[in-house]
Amino acid sequence: MTDRQKFLYFIALHRTGLWVTALSLLLLVFPLVENNPYTLGLTNLIAIHAIVVLGLNLFIGYAGQISLGHAAFFGLGAYGSAIACVTFGLDSWLAMLLVAGLVALVALLVGIPALRLTGHYLAMATLGLNFVFHTILLQWDQMTGGPSGFYGIPSLSLGSFAFDDELRLHYLLWGLALLSLLLCLNLVRSGVGRGLSALAGDEIAAAALGVDTRRAKVKVFVLSAVLASVAGSLFAHTYGFISPDSFGIFVSTDLVIMVVIGGMGSIWGSLFGAALITLLPEWMDLFETYKDFVHGGILVLVLMFLPQGLITGLLDLLRVQLARLRQKNVTA
Amino acid sequence: MLRLEQLSKNFGGLPALSQVSFEVFPGQVTALIGPNGAGKSTLINCMTGVLQPSSGRVLFRGAAISSLAAHQIARCGIARTFQNLKLFPRLSVLDNVLTGLTCEAGSSMVMAMLRLPYLRHRERRLRLRALEALDRFGLGDKADWPAAVLAYGDKKRVELARATVGNPQLILLDEPVAGLNAAETAAVGEQLHLLRRAGHTLLLIEHDMDLVMKLADQVVVLDSGQKIASGTPAEVRRNPRVLEAYLGCMEATA
């Protein structure tokens, strides 16, 4: 091999790692370029959403299922952390872990029966879960603060170093988002990930190849719930205040829209979807009132023209065109 | 190697299979033929755990597998292809073949997420094997294409590569040449021949009589859910019941 070939081979072999490194470097220097706390606050929110959307994309895009209730797991994480830290005085990191474990258990108990359902029924079941959770948040006001929300959640800290301004939070939140990204990328590049893609493509074929389809679905559901829970805990500690409105069914549908925009079955697309839907309201004032209309409209358009999702759909088109082009060159 | 004992399947009282028994011997090609609606697909679905038989047993290397789930049967070493192609269109050709190695790739999600060195090495070995399998079927140069853009004949070959890459003990082929032209049929026939020479055990479900007669060691004939004949290709071809099932009543046509 010539040096050039060696170099290209190295790039091809490590392209995922190189992309992650590039993104990490970009995020590392981002606050030097843009230090407006408001902007950093927005990108921090993107990081939190990205963690949820990564997990949800594994469930929707890879395992081929649907959940309209992930805001419930997000909320369980947030309220769990809030209650554990403020009401019971636990350490916030410990609380985050305990709550994530608890959410895993809840997801397991919900997932085992619910994932026997498919399609519309699964959508309804997860939607129902979200409704129940939202109602509990509103009604159980001694514990949750009811409709007026939960105040006074402390910032996360390491020793005496508190993550209490946007800059510090930027590094914490994006560090964890990148970690989640890396874990998800590893998963989809493994045999387990291929099994999941197979599951999304055709359940019978996947089973014939040795994929335990029922178990795989439940596992991914639990994994996505845990990621949502961690993101919820981070959300609570970042803002110090949470209210039931942040965890209603419209938040669940927004999360699904993020997955669809980014592209089903695209880990990188998840970041894009989370970023776009988080930023859209900032770009258009009129969005505030008609947010749900615009989100719904985007969803319908994407599903009509690129059912695989925006980024995945475009990439697929590109790959198909490239392959067709090469096919022509071969035959010519 | 694979033995069916009195296998029956009813769909809401309607018998799709009744009391079918036969055996697949190691290293041989067993062909399962029969007119449309004879119950061939039901039979293969009962063998692979997609359907549960109503009664009777399927034994694989002496152990009953009829109550196992589809993925457990696959892990016992039975691979299959599908009549109407079940490739994953969005995955690359190579990844499609790699799904045939799911059983060996490890199933721990946590390990996969950590991508420990032993998994990376294993992944590299599996890729090499998948590439070898693609080369065997003459698809090596299309490894990174999305499966969706392949021609129909190529897709059929990818499915064969996927079914054989894991060195399964038994391969069930559901109409591997359906929809192929004469040249492609000959090519697939050649590849099946090579598989047999390599010592694979095949159960072939096929309409193409030329292929069956050339390839099979043993032919089992189904009609209306019942086994009406079995034997060598030459024996079956002379069997009056088989002729009747395929050509209609002899007296009426005479």
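Bear in mind the structure is a predicted one, so any value in this text is a computation, not a measurement.

Definitions and cut-offs
- Residues numbered from 1 in each chain as written.
- Chains lettered and ligands numbered in written order.
- Predicted model: local features only at pLDDT ≥ 70, side-chain atom pairs only at ≥ 80, totals over all residues.
- Heavy atoms only, no water.
- Helix = DSSP H or I, 4+ residues; strand = E, 2+ residues; numbered from the N terminus.
- Rg over C-alpha atoms; globule rule 2.2 N^0.38 Å.
- Buried < 20%, exposed > 50% of the residue type's maximum accessible area, 1.4 Å probe, protein only.
- Contact = heavy atoms within 4.5 Å.
- Pairing = 2+ DSSP bridges.
- Axes fitted to C-alpha atoms, helices over the stretch in contact; angles between N-to-C directions.
- Domains from an automatic or database assignment.
- Buried area = accessible area lost by both parts, 1.4 Å probe.
- Salt bridge = Lys/Arg side-chain N within 4 Å of Asp/Glu carboxyl O.
- Core = buried A, V, L, I, M, F, W, Y, C linked by side-chain atoms within 4.5 Å.
- Polar contact = N/O pair within 3.5 Å; in protein donor to acceptor, adjacent residues only side chain to side chain.
- Parallel < 35°, antiparallel > 145°, perpendicular 65-115°, else oblique.
- Left-handed = near helix turned anticlockwise from the far one by under 90°.
- Nonpolar A, V, L, I, M, F, W, Y, C, P; charged D, E, K, R; others polar.
- Expected span 1.5 Å × (residues − 1).

Enquirer: Explain the overall build of chain A to me, please; I cannot follow it from the model alone.
Expert: Helix and strand content of chain A: 15 helices and two strands. Taken over the C-alpha trace, chain A has a radius of gyration of 21 Å; the compact-globule value for 332 residues is 20 Å, and the two agree within 12%. Its C-alpha atoms give chain A principal-axis dimensions of roughly 75 × 50 × 40 Å. With 332 residues in all, chain A has 51% of them scored as buried. Counting only contacts in chain A whose residues sit at least 6 apart along the sequence, the fraction spanning at least 24 positions is 78%.

Enquirer: Help me understand the sheet that holds strand β7 (residues 170–174) of chain B, please; the structure alone is not making it clear to me.
Expert: Picture the strands of a sheet paired through backbone hydrogen bonds; they go either parallel or antiparallel. Residue and element names in this part refer to chain B. Overall, mixed pairing links the six strands, which are arranged β6-β7-β8-β3-β9-β10 in an open sheet. Both outer strands of the open sheet, β6 (78–80) and β10 (226–231), are each paired with one neighbouring strand and no more. Within this sheet the neighbouring strands show an average axis-to-axis angle of 20 degrees, counted without direction. Across three bridges, the pairing between β6 and β7 is parallel. Bridging across to β7, Ala-79 finds its partner in Ile-171.

Enquirer: Before we go on, may I ask you to explain the domain arrangement of chain B in this structure?
Expert: For interface size, the figure often reported is the accessible area lost on association. All names here are of chain B. The assigned domain composition of chain B is domain 1 (2–77 + 169–253) and domain 2 (91–155). With centres defined by C-alpha atoms, the gap from domain 1 to domain 2 works out at 29 Å. If you look at the interface, domain 1 gives seven residues, while domain 2 gives five residues. In total, domain 1 and domain 2 occlude about 470 Å² of area from one another, counting both sides; carbon and sulfur atoms represent 67% of this. If you sort the residues of domain 1 by the area they bury against domain 2, Arg-75, Leu-180 and Gln-191 come out on top, with a joint share of 58%. On inspection of domain 1 and its partner domain 2, the count reaches zero salt bridges. At the level of secondary structure, the elements contributing two or more residues to the side of domain 1 that touches domain 2 comprise α2 (70–76) and α7 (182–197).

Enquirer: What is the right way to look at the sheet that holds strand β4 (residues 55–60) of chain B in this model?
Expert: Residues and elements named next belong to chain B. Read across the open sheet, the four strands follow the order β2-β1-β4-β5; overall the sheet is antiparallel. Of all strands in the sheet, those with a lone pairing partner are β2 (14–24) and β5 (63–64), marking the two edges. Pairing of strand β1 (residues 2–11) with β4 involves five bridges; the strand directions are antiparallel. Note on β4: the bridge partner recorded for Glu-5 is Arg-57.

Enquirer: What's the story with the nonpolar core in this structure? I'm lost.
Expert: Among soluble globular proteins, nonpolar side chains are generally buried collectively. Counting 101 residues, the largest nonpolar core has Leu58(A), Leu181(A), Leu187(A), Leu196(A), Ile242(A), Phe247(A) and Ile267(A) as its most contacted members. Here this core gets 15 residues from one element, more than from any other, and that element is helix α3 (residues 37–62) of chain A. Not counting residues up to four positions away in its chain, the partners in contact with Leu196(A) are Tyr62(A), Ala63(A), Leu187(A), Ala216(A), Val220(A) and Met109(B). Within the second largest apolar cluster, 38 residues are counted, among which are Ala133(B), Val149(B), Val165(B) and Ile171(B).

Enquirer: Explain the interface of chain B and chain A here, please?
Expert: In this assembly, 36 residues from chain B lie in contact with 36 residues from chain A. When chain B packs against chain A, close to 3300 Å² is buried across both sides, 63% of that on carbon and sulfur atoms. The largest share of the area that chain B buries against chain A comes from Arg90(B), Met109(B) and Met113(B), three residues that together contribute 24% of it. Across the pair Lys86(B) and Asp202(A) runs a salt bridge, and its minimum N-O distance is 3.1 Å. Applying the counting rule to chain B against chain A returns seven residue pairs in polar contact (both at pLDDT 80 or more). Elements represented by at least two residues in the side of chain B that touches chain A include exactly α2, β6, α3 (93–98), α4 (109–114) and α5 (117–136) of chain B.

Enquirer: Would you explain the side chain of Lys142(B) in this entry?
Expert: Looking at where Lys142(B) falls in the secondary structure, it is placed in the loop between α5 and α6 (152–164). Apart from residues no more than four positions distant in its own chain, Lys142(B) is found in contact with Val93(B), Leu150(B) and Asp154(B).

Enquirer: Is there a simple way to explain the packing of helix α12 (residues 249–262) of chain A against helix α13 (residues 267–283) of chain A in this structure?
Expert: Each pair of packed helices can be summarised by the angle the axes make with each other and by the distance between the axes. Residue and element names in this part refer to chain A. At a minimum axis distance of 7 Å, the contact between α12 and α13 shows a crossing angle of 125 degrees. By the angle class used here, α12 and α13 are oblique. For the pair α12 and α13, the sense of crossing is right-handed. Here α12 contributes Ile-257, Met-258, Ile-261 and Gly-262 to the contact with α13, which in turn contributes Gly-269, Ser-270, Phe-272, Gly-273, Ala-274, Leu-276, Ile-277 and Thr-278. The residue makeup of the contact of α12 with α13, split by class, is seven nonpolar, five polar and no charged.

Enquirer: Looking at this structure, I do not really get the pattern of salt bridges. What am I missing?
Expert: When charged atoms on two side chains of opposite charge get close, those side chains can pair. In this structure the tally under the stated criterion is 13 salt bridges over all chains. Linking Arg194(A) and Glu123(B) is a salt bridge whose minimum nitrogen-to-oxygen distance equals 2.6 Å. In this pair, Arg194(A) is assigned in helix α9 (residues 191–201) and Glu123(B) in helix α5, connecting two distinct chains. Using a relative accessible area of 10% as the deciding quantity, one classes Glu123(B) as buried. Ionic pairing is found between Asp154(B) and Lys142(B), a salt bridge with its closest N-O pair at 2.8 Å. Linking Asp154(B) in helix α6 with Lys142(B) in the loop between α5 and α6, this pair joins segments that are 12 residues apart in sequence. The class for Asp154(B) is buried, based on a relative accessible area of 10%. Residues joined in a network through salt bridges with shared partners are Asp316(A), Arg319(A) and Arg90(B).

Enquirer: When you look at α13(A) in this model, what are you seeing that I'm missing?
Expert: Two residues of an α-helix separated by three or four positions point the same way, owing to the 3.6 residues in each turn. Residues and elements named next belong to chain A. Compared with an ideal rise of 1.5 Å per residue, which puts 17 residues at 24 Å, α13 spans 25 Å between its outermost C-alpha atoms and is within 8% of the ideal. Counting buried positions along α13 yields 13 of 17 residues, so the element is predominantly enclosed. The N-terminus of α13 is capped by Ser-266, whose side-chain oxygen sits 2.8 Å from the backbone nitrogen of Gly-269.

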